[in-house]
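Tertiary structure, described
Read off the chains here:
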Amino acid sequence: MSTPGAPPAPAPLPAGADVPWLLLWDIDGTLLLRASASHAHAVWDALCEVHGLQDRELLRNQRMAGMTDGQIAREILTAAGVDGPTVDRHAETVRDRVCTTYVPGDLETHVSPGLEDALRTLSDRGDVVHSLVTGNFERVARRKLQAAGIDGWFDPRVGGGFGSDHEDRLLLPATARRRAGAALLPDDRPWPADRAIVIGDTPRDVACARHDGVRVIAVATGSHDHGELQDADVVVHAAAEIPAAVASLVEAATGGADRDDPTGRPAGVGA
Ligand SMILES: [Mg+2]
(Lines give C-alpha, C1' and ligand atoms only; values in the text may rest on other atoms or scores of the structure.)
Protein backbone atom coordinates (compact mmCIF):
# COMPACT_ATOMS: atom_id res chain seq x y z
CA MET A 1 0.00 0.00 0.00
CA SER A 2 1.39 3.41 -0.88
CA THR A 3 0.77 6.58 1.03
CA PRO A 4 -0.04 9.68 -1.05
CA GLY A 5 2.88 12.10 -0.95
CA ALA A 6 5.20 9.66 0.76
CA PRO A 7 8.81 9.67 -0.44
CA PRO A 8 10.21 6.97 -2.72
CA ALA A 9 11.99 4.03 -1.15
CA PRO A 10 15.34 5.12 0.32
CA ALA A 11 18.41 4.02 -1.60
CA PRO A 12 21.75 3.00 -0.08
CA LEU A 13 24.03 5.98 0.44
CA PRO A 14 27.10 6.28 -1.78
CA ALA A 15 30.44 6.12 0.01
CA GLY A 16 31.46 9.49 1.41
CA ALA A 17 27.93 10.94 1.44
CA ASP A 18 26.73 12.81 4.51
CA VAL A 19 24.73 10.52 6.79
CA PRO A 20 21.11 11.74 7.02
CA TRP A 21 19.23 12.10 10.28
CA LEU A 22 17.45 8.90 11.32
CA LEU A 23 14.10 9.80 12.88
CA LEU A 24 12.91 7.04 15.21
CA TRP A 25 9.17 7.53 15.60
CA ASP A 26 7.05 6.05 18.35
CA ILE A 27 3.51 5.07 17.27
CA ASP A 28 0.92 5.21 20.08
CA GLY A 29 0.46 8.74 21.40
CA THR A 30 2.88 10.12 18.81
CA LEU A 31 1.96 9.14 15.22
CA LEU A 32 -1.50 7.91 16.24
CA LEU A 33 -3.76 9.03 19.06
CA ARG A 34 -6.17 6.77 20.97
CA ALA A 35 -5.57 3.98 18.46
CA SER A 36 -4.59 1.14 20.76
CA ALA A 37 -7.93 -0.25 22.04
CA SER A 38 -8.15 -3.14 19.57
CA HIS A 39 -4.45 -3.78 20.11
CA ALA A 40 -4.94 -4.09 23.88
CA HIS A 41 -7.84 -6.46 23.28
CA ALA A 42 -5.67 -8.63 21.01
CA VAL A 43 -3.08 -8.87 23.80
CA TRP A 44 -5.77 -9.76 26.31
CA ASP A 45 -7.38 -12.36 24.06
CA ALA A 46 -3.98 -13.99 23.52
CA LEU A 47 -3.37 -14.15 27.28
CA CYS A 48 -6.81 -15.66 27.83
CA GLU A 49 -6.21 -18.26 25.13
CA VAL A 50 -2.65 -19.20 26.08
CA HIS A 51 -2.73 -18.76 29.87
CA GLY A 52 -6.43 -19.09 30.64
CA LEU A 53 -6.82 -15.63 32.19
CA GLN A 54 -10.37 -14.56 32.95
CA ASP A 55 -10.37 -11.53 35.26
CA ARG A 56 -10.66 -8.58 32.89
CA GLU A 57 -9.78 -6.18 35.74
CA LEU A 58 -6.17 -7.24 35.10
CA LEU A 59 -6.34 -5.54 31.70
CA ARG A 60 -8.12 -2.45 33.01
CA ASN A 61 -5.53 -2.00 35.75
CA GLN A 62 -2.52 -2.36 33.47
CA ARG A 63 -0.40 0.68 32.50
CA MET A 64 0.61 0.58 28.86
CA ALA A 65 2.04 3.94 27.76
CA GLY A 66 5.62 3.58 26.57
CA MET A 67 5.76 -0.13 27.34
CA THR A 68 6.55 -2.97 24.96
CA ASP A 69 3.87 -5.52 24.14
CA GLY A 70 5.90 -8.29 25.76
CA GLN A 71 6.40 -6.19 28.90
CA ILE A 72 2.67 -5.48 29.12
CA ALA A 73 1.88 -9.18 28.74
CA ARG A 74 4.43 -10.08 31.41
CA GLU A 75 3.06 -7.54 33.92
CA ILE A 76 -0.53 -8.71 33.41
CA LEU A 77 0.53 -12.34 33.82
CA THR A 78 2.61 -11.56 36.90
CA ALA A 79 -0.37 -9.76 38.44
CA ALA A 80 -2.41 -12.90 37.68
CA GLY A 81 0.11 -15.03 39.56
CA VAL A 82 1.83 -16.66 36.58
CA ASP A 83 5.49 -17.37 37.32
CA GLY A 84 8.36 -16.01 35.23
CA PRO A 85 9.50 -19.28 33.62
CA THR A 86 5.93 -19.96 32.47
CA VAL A 87 5.70 -16.46 31.01
CA ASP A 88 9.01 -17.03 29.19
CA ARG A 89 8.00 -20.45 27.90
CA HIS A 90 4.86 -19.13 26.21
CA ALA A 91 6.04 -15.65 25.22
CA GLU A 92 6.51 -16.55 21.56
CA THR A 93 3.10 -18.19 21.37
CA VAL A 94 1.47 -15.12 22.93
CA ARG A 95 3.26 -12.86 20.45
CA ASP A 96 2.16 -14.97 17.50
CA ARG A 97 -1.45 -14.99 18.71
CA VAL A 98 -1.47 -11.20 19.16
CA CYS A 99 -0.04 -10.68 15.67
CA THR A 100 -2.45 -13.17 14.11
CA THR A 101 -5.62 -11.88 15.75
CA TYR A 102 -4.99 -8.11 15.77
CA VAL A 103 -7.50 -6.37 13.50
CA PRO A 104 -7.13 -2.60 13.77
CA GLY A 105 -10.14 -1.39 11.79
CA ASP A 106 -9.92 1.98 10.08
CA LEU A 107 -7.47 4.21 11.98
CA GLU A 108 -7.27 7.12 9.54
CA THR A 109 -9.09 9.44 11.96
CA HIS A 110 -6.54 8.57 14.65
CA VAL A 111 -3.54 10.10 12.89
CA SER A 112 -2.20 12.87 15.11
CA PRO A 113 -3.41 16.24 13.74
CA GLY A 114 -0.77 17.84 11.54
CA LEU A 115 1.31 14.67 11.46
CA GLU A 116 1.26 14.04 7.70
CA ASP A 117 2.23 17.64 6.93
CA ALA A 118 5.05 17.26 9.46
CA LEU A 119 6.26 14.04 7.77
CA ARG A 120 6.16 15.79 4.38
CA THR A 121 7.98 18.88 5.66
CA LEU A 122 10.67 16.71 7.21
CA SER A 123 11.09 14.60 4.07
CA ASP A 124 11.35 17.75 1.97
CA ARG A 125 14.46 18.71 3.97
CA GLY A 126 16.25 15.97 2.03
CA ASP A 127 18.38 14.96 5.01
CA VAL A 128 16.13 12.64 7.03
CA VAL A 129 15.16 8.96 6.96
CA HIS A 130 11.99 7.90 8.77
CA SER A 131 12.06 4.78 10.93
CA LEU A 132 10.28 3.42 14.00
CA VAL A 133 10.98 2.69 17.65
CA THR A 134 7.82 1.31 19.20
CA GLY A 135 6.81 -1.16 21.87
CA ASN A 136 4.36 -2.73 19.39
CA PHE A 137 5.25 -6.12 17.98
CA GLU A 138 6.41 -5.41 14.42
CA ARG A 139 3.48 -7.05 12.65
CA VAL A 140 1.08 -5.09 14.85
CA ALA A 141 2.98 -1.87 14.15
CA ARG A 142 2.97 -2.34 10.37
CA ARG A 143 -0.72 -3.25 10.32
CA LYS A 144 -1.59 -0.28 12.54
CA LEU A 145 0.23 2.19 10.27
CA GLN A 146 -1.39 0.64 7.20
CA ALA A 147 -4.85 0.99 8.78
CA ALA A 148 -4.05 4.65 9.42
CA GLY A 149 -2.85 5.18 5.84
CA ILE A 150 0.64 6.37 6.84
CA ASP A 151 2.61 3.16 6.28
CA GLY A 152 4.15 4.55 3.08
CA TRP A 153 6.34 6.89 5.14
CA PHE A 154 8.03 3.99 6.92
CA ASP A 155 9.75 1.67 4.46
CA PRO A 156 10.10 -1.79 6.02
CA ARG A 157 13.56 -2.10 4.44
CA VAL A 158 14.82 0.62 6.82
CA GLY A 159 13.78 -1.68 9.66
CA GLY A 160 13.08 -0.18 13.07
CA GLY A 161 13.05 -1.34 16.68
CA PHE A 162 9.95 -3.19 17.89
CA GLY A 163 8.48 -4.92 20.90
CA SER A 164 9.04 -8.18 19.05
CA ASP A 165 12.81 -7.53 19.17
CA HIS A 166 13.15 -6.94 22.92
CA GLU A 167 10.87 -6.70 25.92
CA ASP A 168 13.11 -3.89 27.19
CA ARG A 169 12.44 -0.66 25.32
CA LEU A 170 15.87 0.65 26.30
CA LEU A 171 17.39 -1.70 23.69
CA LEU A 172 15.19 -0.67 20.76
CA PRO A 173 16.94 2.46 19.41
CA ALA A 174 20.21 0.54 19.00
CA THR A 175 18.32 -2.20 17.14
CA ALA A 176 16.77 0.38 14.83
CA ARG A 177 20.17 2.03 14.20
CA ARG A 178 21.75 -1.31 13.42
CA ARG A 179 19.04 -2.21 10.89
CA ALA A 180 19.04 1.20 9.21
CA GLY A 181 22.81 1.10 8.91
CA ALA A 182 22.73 -2.38 7.37
CA ALA A 183 20.09 -1.22 4.88
CA LEU A 184 21.45 2.16 3.86
CA LEU A 185 25.03 2.82 4.92
CA PRO A 186 27.79 1.72 2.54
CA ASP A 187 29.79 -0.21 5.13
CA ASP A 188 26.84 -1.80 7.00
CA ARG A 189 27.85 -0.09 10.23
CA PRO A 190 25.14 0.91 12.74
CA TRP A 191 23.64 4.29 12.07
CA PRO A 192 25.66 6.80 14.13
CA ALA A 193 23.96 7.67 17.42
CA ASP A 194 24.76 11.33 16.88
CA ARG A 195 22.67 11.24 13.69
CA ALA A 196 19.51 9.77 15.22
CA ILE A 197 16.55 11.34 17.02
CA VAL A 198 13.85 9.49 18.96
CA ILE A 199 10.41 11.11 18.75
CA GLY A 200 7.96 9.86 21.38
CA ASP A 201 5.33 10.76 23.95
CA THR A 202 6.41 9.14 27.23
CA PRO A 203 9.28 9.26 29.72
CA ARG A 204 10.12 5.74 28.49
CA ASP A 205 10.79 7.14 25.01
CA VAL A 206 13.10 9.70 26.58
CA ALA A 207 14.83 7.02 28.66
CA CYS A 208 15.47 4.70 25.70
CA ALA A 209 16.98 7.57 23.72
CA ARG A 210 19.23 8.49 26.63
CA HIS A 211 20.25 4.85 27.07
CA ASP A 212 21.39 4.74 23.45
CA GLY A 213 22.99 8.20 23.46
CA VAL A 214 20.65 9.65 20.84
CA ARG A 215 18.73 12.90 20.90
CA VAL A 216 15.03 12.93 21.75
CA ILE A 217 12.00 15.08 21.00
CA ALA A 218 9.03 14.53 23.30
CA VAL A 219 5.52 15.29 22.10
CA ALA A 220 2.94 16.01 24.79
CA THR A 221 0.16 14.51 22.65
CA GLY A 222 -0.15 11.23 24.55
CA SER A 223 -0.75 10.53 28.20
CA HIS A 224 2.12 12.62 29.59
CA ASP A 225 2.33 16.39 29.96
CA HIS A 226 5.22 18.78 29.45
CA GLY A 227 6.47 18.48 33.00
CA GLU A 228 6.77 14.70 32.82
CA LEU A 229 8.75 14.96 29.58
CA GLN A 230 11.16 17.72 30.51
CA ASP A 231 14.22 15.44 30.34
CA ALA A 232 13.89 15.43 26.53
CA ASP A 233 16.07 17.71 24.41
CA VAL A 234 12.92 19.44 23.14
CA VAL A 235 9.29 19.13 24.24
CA VAL A 236 6.53 20.09 21.78
CA HIS A 237 2.76 20.11 22.12
CA ALA A 238 1.65 19.13 18.63
CA ALA A 239 2.89 17.14 15.64
CA ALA A 240 3.02 20.36 13.63
CA GLU A 241 5.84 21.56 15.88
CA ILE A 242 8.08 18.54 15.23
CA PRO A 243 9.79 19.80 12.02
CA ALA A 244 10.95 22.95 13.82
CA ALA A 245 12.15 20.85 16.74
CA VAL A 246 14.16 18.62 14.39
CA ALA A 247 15.58 21.69 12.69
CA SER A 248 16.64 23.14 16.04
CA LEU A 249 18.44 19.93 17.05
CA VAL A 250 20.17 19.65 13.67
CA GLU A 251 21.19 23.31 13.86
CA ALA A 252 22.54 22.86 17.38
CA ALA A 253 24.47 19.74 16.36
CA THR A 254 25.95 21.07 13.16
CA GLY A 255 26.06 24.82 13.58
CA GLY A 256 23.97 25.05 10.40
CA ALA A 257 26.53 23.23 8.27
CA ASP A 258 23.87 20.64 7.35
CA ARG A 259 21.54 23.16 5.76
CA ASP A 260 20.60 22.35 2.19
CA ASP A 261 22.90 24.90 0.61
CA PRO A 262 24.33 23.97 -2.79
CA THR A 263 27.27 26.30 -2.17
CA GLY A 264 28.20 24.26 0.88
CA ARG A 265 28.47 27.46 2.91
CA PRO A 266 27.19 27.42 6.47
CA ALA A 267 23.89 29.21 7.00
CA GLY A 268 24.27 32.94 7.44
CA VAL A 269 27.34 33.19 5.21
CA GLY A 270 26.74 35.66 2.39
CA ALA A 271 26.31 34.57 -1.21
MG1 LIG B 1 3.86 6.16 22.81
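One can find the structure itself at the top, above this paragraph.
I will try to describe carefully the structure that is included in this document. (Residues numbered from 1 in each chain as written. Predicted model: local features only at pLDDT ≥ 70, side-chain atom pairs only at ≥ 80, totals over all residues. Heavy atoms only, no water.)

On to the overall build of the protein chain. Scanning the protein chain from terminus to terminus reveals 9 helices and 5 strands. Secondary structure elements of the protein chain occur, N-terminal to C-terminal, as β-α-α-α-α-α-β-α-α-β-α-β-β-α. Relative to the 2.2 N^0.38 estimate, which gives 18 Å for 271 residues, the radius of gyration of the protein chain is 19 Å and therefore close to what a compact globule would have. Dimensions along the principal axes, computed over C-alpha positions, put the protein chain at roughly 70 × 40 × 35 Å. Across the protein chain, every contact between residues at least 6 apart in sequence was considered, and the portion connecting residues at least 24 apart equals 67%. When the accessible area of the protein chain is evaluated, it comes to approximately 12200 Å², of which 50% is carbon and sulfur surface. Distance from the positive charge centre (26 side chains) to the negative charge centre (40 side chains) of the protein chain: 2 Å. (Helix = DSSP H or I, 4+ residues; strand = E, 2+ residues; numbered from the N terminus. Rg over C-alpha atoms; globule rule 2.2 N^0.38 Å. Contact = heavy atoms within 4.5 Å. Areas by Shrake-Rupley, 256 points an atom, 1.4 Å probe, with all protein chains shown as cover. Lys, Arg positive; Asp, Glu negative; His and termini not counted. Charge placed at Lys NZ, Arg CZ, Asp CG, Glu CD.)

Strands sit in the order 2-1-3-4-5 across an open sheet of 5 strands; the sheet is parallel. The open sheet terminates on both sides in strands that have one partner only, identified here as strand 2 (128–132) and strand 5 (234–236). Each neighbouring strand pair of the sheet contributes to a mean axis angle of 20 degrees, computed without reference to strand direction. Where strand 4 (residues 215–219) and strand 5 come together, 3 bridges link them in parallel fashion. Counted as the bridge partner of Ile217 is Val234 from strand 5. (Pairing = 2+ DSSP bridges. Axes fitted to C-alpha atoms, helices over the stretch in contact; angles between N-to-C directions.)

We now examine the coordination of the magnesium ion. Within the protein, Asp26 (OD), Asp28 (O) and Asp201 (OD) serve as the donor atoms for the magnesium ion, at 2.1 to 2.2 Å. On the primary sequence, the residues serving as donors to the magnesium ion are separated as D-x1-D-x172-D. With Asp26 in the loop between strand 1 (21–25) and helix 1 (37–51) and Asp201 in the loop between strand 3 (196–200) and helix 8 (203–212), the pair connects residues that are 175 residues apart, well separated along the chain. Among the residues examined, Asp26 registers a relative accessible area of 4% and is labelled buried. We classify Asp201 as buried; its relative accessible area is 3%. (Donors = N, O, S within 2.8 Å, 3.2 Å for Na, K, Ca; no water. Buried < 20%, exposed > 50% of the residue type's maximum accessible area, 1.4 Å probe, protein only.)

Taken as a whole, this structure holds 16 salt bridges when the rule is applied. Salt-bridge contacts for Arg142 lead to Glu138; the nearest nitrogen and oxygen are separated by 3.2 Å. Of this pair, Arg142 and Glu138 both sit in helix 6 (residues 138–148), 4 residues apart, which is roughly one turn of that helix. A relative accessible area of 27% means that Glu138 is categorised as partly exposed. (Salt bridge = Lys/Arg side-chain N within 4 Å of Asp/Glu carboxyl O.)

Evaluated as defined, the whole model comprises 0 disulfides. As a non-bridged cysteine, Cys48 has Cys99 as the owner of its nearest cysteine sulfur, 17 Å distant. With relative accessibility at 23%, the residue Cys48 sits in the partly exposed group. Free cysteine Cys208: the closest other cysteine sulfur is in Cys99, separated by 20 Å. On the basis of relative accessible area, Cys208 is assigned to the buried category, the value being 0%. (Disulfide = S-S within 2.5 Å.)

Moving on to the pairing of strand 2. Counting buried positions over the 5 residues of strand 2 gives 5, a clear majority of the element. Both faces of strand 2 are covered, namely the face carrying Val128, His130 and Leu132 and the face carrying Val129 and Ser131. Note: strand 1 against strand 2, 5 bridges, orientation parallel. Opposite Trp25, over in strand 2, you have Leu132 as the bridge partner.

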